[in-house]
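Secondary and tertiary structure notes
The chain contents come next:
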Number of protein chains: 2
Amino acid sequence: MPELRKDPVIDRWVIIAQERAKRPIDHLPASIYDSKGFCPLCPGHEVKTAQPVYTDWIGSEDGSKKDWRLRVVLNKFPALVHDGDPSIQKDGLYEKMDGLGAHEVVIETPEHHYSMADYDDDQMKSVIIAYRERILELRKDSRFRYILIFKNYGIEAGASLSHPHSQIIALPIVPKRIIEEMKGAHSYNLKHHRCVYCEMIQQERLFQQRVVLENADFIAIEPFAARFPFETWILPKRHESHFEFINGSAVDRLTTLLRDVLWRIKQVLNDPPYNFMFHTSPQNDPGNLDYHWRLEITPKLTKVAGFEWGTGFFINPMAPEIAADLLNNY
Amino acid sequence: MPELRKDPVIDRWVIIAQERAKRPIDHLPASIYDSKGFCPLCPGHEVKTAQPVYTDWIGSEDGSKKDWRLRVVLNKFPALVHDGDPSIQKDGLYEKMDGLGAHEVVIETPEHHYSMADYDDDQMKSVIIAYRERILELRKDSRFRYILIFKNYGIEAGASLSHPHSQIIALPIVPKRIIEEMKGAHSYNLKHHRCVYCEMIQQERLFQQRVVLENADFIAIEPFAARFPFETWILPKRHESHFEFINGSAVDRLTTLLRDVLWRIKQVLNDPPYNFMFHTSPQNDPGNLDYHWRLEITPKLTKVAGFEWGTGFFINPMAPEIAADLLNNY
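Presented here is a report on the structure given in the accompanying data block.

1. Observations regarding the packing of aromatic side chains
Counted according to the given criterion, the structure contains 24 aromatic pairs over all chains. With 5.7 Å between their ring centres and 70° between their planes, A:Trp263 and A:Tyr330 make a pair best called edge-to-face. Of the two residues, A:Trp263 is situated in helix H4 (residues 249-269) and A:Tyr330 in the segment after helix H6 (320-328); the sequence distance between them amounts to 67 residues. Taking relative accessible area as the criterion, A:Tyr330 reaches 48% and is therefore assigned partly exposed. Taken together, the ring pairs in this structure connect A:Tyr131, A:Tyr153, A:Phe218, A:Phe243, A:Tyr274, A:Phe276, A:Phe278 and A:Trp293 into an aromatic cluster. One cation-aromatic arrangement involves B:Arg71 over B:Trp68; the distance from NZ or CZ to the ring centre is 5.7 Å. Above the face of the B:Trp233 ring, B:Arg294 is positioned so that its terminal group lies 4.1 Å from the ring centre.

2. Quick word on the layout of surface pockets
Approximately 840 Å³ is the volume found for the second largest pocket. Contributing to the lining of the second largest pocket are 26 residues, with A:Glu180, A:Gly184, B:Val9, B:Ile10 and B:Asp11 lying nearest its centre. Those elements that provide at least two residues to the lining of the second largest pocket are helix H2 (176-192) of chain A together with strand E6 (94-98) and helix H2 (176-192) of chain B. Partitioned by chemical class, the residues of the lining of the second largest pocket number nine nonpolar, three polar and 14 charged.

3. Examining the interface of chain A and chain B
Listed as interface residues are 79 residues of chain A and, on the opposing side, 79 residues of chain B. Together, the buried faces of chain A and chain B total about 6800 Å²; carbon and sulfur atoms form 65% of this surface. For the pair chain A and chain B, the interface holds four salt bridges. Salt-bridge contacts for A:Lys176 lead to B:Glu180; the nearest nitrogen and oxygen are separated by 2.9 Å. Counting across the interface, chain A meets chain B through 19 residue pairs in polar contact (both at pLDDT 80 or more). Here the side of chain A that touches chain B is built from residues that sort into 46 nonpolar, 13 polar and 20 charged. Bridge analysis of strand E15 (residues 314-316) of chain A against strand E2 (residues 13-16) of chain B gives three bridges, and the strand direction is parallel. Residue pairing for E2(B): A:Ile315 is matched across the bridge by B:Ile15.

4. Remarks on the state of the cysteines
The final tally for this structure, using the stated rule, is zero disulfides over all chains. Here A:Cys42 is not disulfide-linked; the sulfur of A:Cys39 is the nearest cysteine sulfur, at 3.8 Å.

5. Quick notes on unusual backbone geometry
The backbone phi angle of A:Phe230 is positive, close to 65°, even though this residue is not glycine. Tracing the chain through its elements places A:Phe230 in the loop between strand E11 (218-221) and strand E12 (232-236). Residue classification places A:Phe230 among the buried residues on the basis of a relative accessible area of 5%. The backbone of B:Asn270 sits at a positive phi, close to 60°, despite the residue not being glycine. Its place among the elements puts B:Asn270 in the loop between helix H4 (249-269) and strand E13 (274-279). Exposure remark for B:Asn270: the relative accessible area of 67% places this residue in the exposed category.

6. Describing H6(A)
Because each turn of an α-helix spans 3.6 residues, side chains separated by three or four positions end up pointing in the same direction. Of all the residues in H6(A), the buried ones are A:Pro320, A:Glu321, A:Ala323, A:Ala324 and A:Leu327. Summarising the axial view, the buried residues of H6(A) lie within an arc of 160°, below the 170-degree limit, and thus occupy one face. Elements that come into contact with the buried residues of H6(A) comprise strand E10 (211-214), E12 and H4 of chain A together with strand E1 (3-6) and E2 of chain B.

7. A look at the relation of the copies chain A and chain B
Each copy superposes on the other: chain A lies on chain B with an RMSD of 0.0 Å after a rotation of 180° and an axial shift of 0.0 Å. Put plainly, the chains are arranged around a two-fold axis. Taking C-alpha positions as the reference, the residue of chain A nearest the rotation axis is A:Val304, at 4.5 Å. A shared interface surface links the copies, since 100% of the contact residues of chain A are contact residues in chain B too.

8. Concerning the environment of B:Trp263
Residue B:Trp263 is classed as partly exposed on the basis of its relative accessible area of 37%. Contacts of B:Trp263, omitting those with residues within four sequence positions, involve B:Ala117 and B:Tyr330.

9. Let's talk about the sheet that holds strand E7 (residues 102-107) of chain A
Residue and element names in this part refer to chain A. Taking strand neighbours across the sheet as the criterion, the ten strands line up as E3-E4-E7-E9-E8-E13-E14-E12-E11-E10 in an open arrangement whose pairing is antiparallel. Sheet topology places strand E3 (52-58) and E10 at the edges, where each strand pairs with a single neighbour. In this sheet, neighbouring strand axes are inclined to one another by 15° on average, regardless of whether the strands run parallel or antiparallel. In this structure, E10 lies alongside E11, joined through three bridges in antiparallel fashion. Counted as the bridge partner of Glu214 is Ile219 from E11. Helix H1 (residues 121-138) rests against E3, strand E4 (67-74), E7, strand E8 (146-153), strand E9 (165-171) and strand E13 (274-279) of the sheet, and its axis sits at about 35° to E4. The strands that H6 touches are E10 and E12; relative to E10, the one it contacts most, it runs at about 40°.

10. A few points about the sheet that holds strand E15 (residues 314-316) of chain B
If you walk across this open sheet you meet the five strands as E5(A)-E6(A)-E1(A)-E2(A)-E15(B), and the pairing is mixed. Strands at the two margins of the open sheet, each flanked by one partner only, are strand E5 (89-91) of chain A together with E15 of chain B. When strand polarity is set aside, the average angle formed by the axes of neighbouring strands in this sheet is 30°. Relative to strand E2 (residues 13-16) of chain A, strand E1 (residues 3-6) of chain A is paired through four bridges, and the arrangement is antiparallel. Looking at E2(A), one finds that A:Lys6 is bridged to A:Trp13.

11. Some words on the packing of H4(B) against helix H6 (residues 320-328) of chain B
Residue and element names in this part refer to chain B. Where H4 meets H6, the axes come as close as 9 Å, and the angle between the chain directions of the two elements is 100°. In terms of orientation, H4 and H6 fall into the roughly perpendicular class. Across from Arg264, Ile265 and Val268 in H4, the residues of H6 making contact are Leu326, Leu327 and Asn328. A per-class count over the contact of H4 with H6 returns four nonpolar, one polar and one charged.

12. Some details on the side chain of B:Arg177
Within the secondary structure, B:Arg177 sits in helix H2. A polar contact of 3.3 Å, which involves the side chain of B:Arg177, links it to the side chain of B:Glu296.

13. Considerations on the side chain of B:Arg5
Here B:Arg5 is to be found in strand E1. By relative accessible area, B:Arg5 is classed as buried at 7%. Engagement of the side chain of B:Arg5 in a polar contact is seen with the side chain of A:Glu321, the distance being 3.0 Å. If near-sequence neighbours (up to four positions away) are discounted, B:Arg5 is found in contact with A:Arg210, A:Phe224, A:Ala225, A:Pro320, A:Glu321, B:Arg12, B:Trp13, B:Val14, B:Ile16, B:Glu95 and B:Lys96.

14. Observations regarding the environment of A:Gln89
Residue and element names in this part refer to chain A. The topology assignment puts Gln89 in strand E5. As a C-alpha pair, Gln89 and Arg5 span 84 residues in sequence and 9.7 Å in three-dimensional space. In this structure Gln89 touches Tyr94, Glu95, Lys96, Met97 and Asp98, once residues within four positions along its chain are discounted.

So, how was this worked out
Residues numbered from 1 in each chain as written. Chains lettered and ligands numbered in written order. Predicted model: local features only at pLDDT ≥ 70, side-chain atom pairs only at ≥ 80, totals over all residues. Heavy atoms only, no water. Phe/Tyr/Trp six-rings, centres within 6.5 Å; stacked < 30°, edge-to-face > 60°. Helix = DSSP H or I, 4+ residues; strand = E, 2+ residues; numbered from the N terminus. Buried < 20%, exposed > 50% of the residue type's maximum accessible area, 1.4 Å probe, protein only. Lys NZ or Arg CZ within 6 Å of the ring centre and 35° of its normal. 1 Å grid on protein atoms, 1.4 Å probe; cavity = no way out; pocket = protein on both sides within 12 Å on 5 of 7 lines; lining within 4 Å. Points joined across faces, edges and corners; volume = space filled by probe spheres on them. Nonpolar A, V, L, I, M, F, W, Y, C, P; charged D, E, K, R; others polar. Contact = heavy atoms within 4.5 Å. Buried area = accessible area lost by both parts, 1.4 Å probe. Salt bridge = Lys/Arg side-chain N within 4 Å of Asp/Glu carboxyl O. Polar contact = N/O pair within 3.5 Å; in protein donor to acceptor, adjacent residues only side chain to side chain. Pairing = 2+ DSSP bridges. Disulfide = S-S within 2.5 Å. Arc of directions from axis to C-beta. Least-squares fit on C-alpha atoms with pLDDT ≥ 70 in both. Axes fitted to C-alpha atoms, helices over the stretch in contact; angles between N-to-C directions. Parallel < 35°, antiparallel > 145°, perpendicular 65-115°, else oblique.

What is shown is where atoms sit, not what they do.
Shown next as structure tokens:
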């Protein structure tokens, strides 16, 4: 059973998941990452994955379900598991709890060699809808306090398989970073009676120095205090606290904007490794006027070194204004 | 001029240092990292480095200064610079300031192919004394609010030159991570009337599950909530808020313990890349009973991926108890 442990000084939890060292990738040469023959996520190898929890079937004329466009399966080497006690145990000075949660893999496409930047609208929309549907399902379990969706693309960004996939983790606690952002947004609102992210969007649209792209519902910007070169945020232009409440034409507009942003990043930076992650309100919060969801995309171009780990302070060798200009004008 | 920018939601600053993209390493093949012929830090190439600010000379019988054991020079491609205005400028929603500070390189030894794990006592002691002397000097400039000492060892840990070196950065603000730790330690002290790190040391010595090594003045442990496999902390056993107050036999005991810990990490993990960084009280704090300085050593064995960036939440596949056992018994 994995274990959640809390740092006794700052409110940071870690998952000690000894089991994950047993992942086959840890004992095999790196070539498996790209080896189509061994890919457990490819069509025809469905038996190699754990239990599916969601499938987007490609409709056939006679109504039979034959091929899938996208599948979500349980992670075979989960960082957190479904059975466990959500209570906190004391161990002298320390606190820990069972590694309770969920860990799922979104197999985004049957095509092994695609990258998300190359998806057509149908494929990208299928991914966004799968994210929404899984959060809406997982949030029914009240033991889960936060559901995180993220993607590691490329070995350097932490991916262990090259087949296009993303991950969903449901956690029994709200992560430190989200708590900090919610607190910061709440303070701003108390003082200025406005959502700080709405204010940021307004200012960026006015200045036009860091806007990458926008459409009727979404905007992509390089944030003012970007930690990384080409760090890009996608935000809904109207205030919305929860990603999973997205519907109607907003799904289509997020689809096209995300495709366009990823395609530009791929072209300008020569298909770099990257991570993306959704920042959204905790799912058991009914909705709030402070915190505004967003998708953070961080290309992996520089190494994060001792300075960053030691301080939570980042050195970024690329001004976000220049990055926005390069992406916007491609 | 580099620029410091503050995130408008959380209290995180970044350095936008566009100049650093001009470092020669950015335009050269990676082979320069190991190429002795081109090493600007080697003896005989002193003209290639910027101004020296500290030198440990090897004494010669006739009293002349001929060879150096260690040199500290200004960084030729600094993330922060000495001239600048420490006042904060508003830019609508945002805050920024000049990239004021200092950025120095500690050339730890003339020997290009040594690693810190192989130093003899004289060499290691020379490094520790250089760290102390530079902090004692830099803290005289009251514009500097925090002085960080760190080391990146190996390309994967962010080093851009292989010649053994570490870095010193003086900052005009106290970094987020240190503020958080000081707040956490202060709350603990208010509640329990004791330093939380002193308490941690006592508990670790009692449990003997996560102790790597100890001597009369220092202890090395794997922390309970380790973020990374083989993350190791070295702490003074008696309460001390500031690293730079180290003196007398404590210097010798830190020397021997640090050498031994790095040597064991090298042996057990096959000379891994790693970062280390000192966590200490802000230098303009006269001394306090809450915060206890330490050296954090983090071998770079796993990739930090979207999950970690998205949450400030880490997945560690190696229980610290097992890591401590492996290091302790080597």
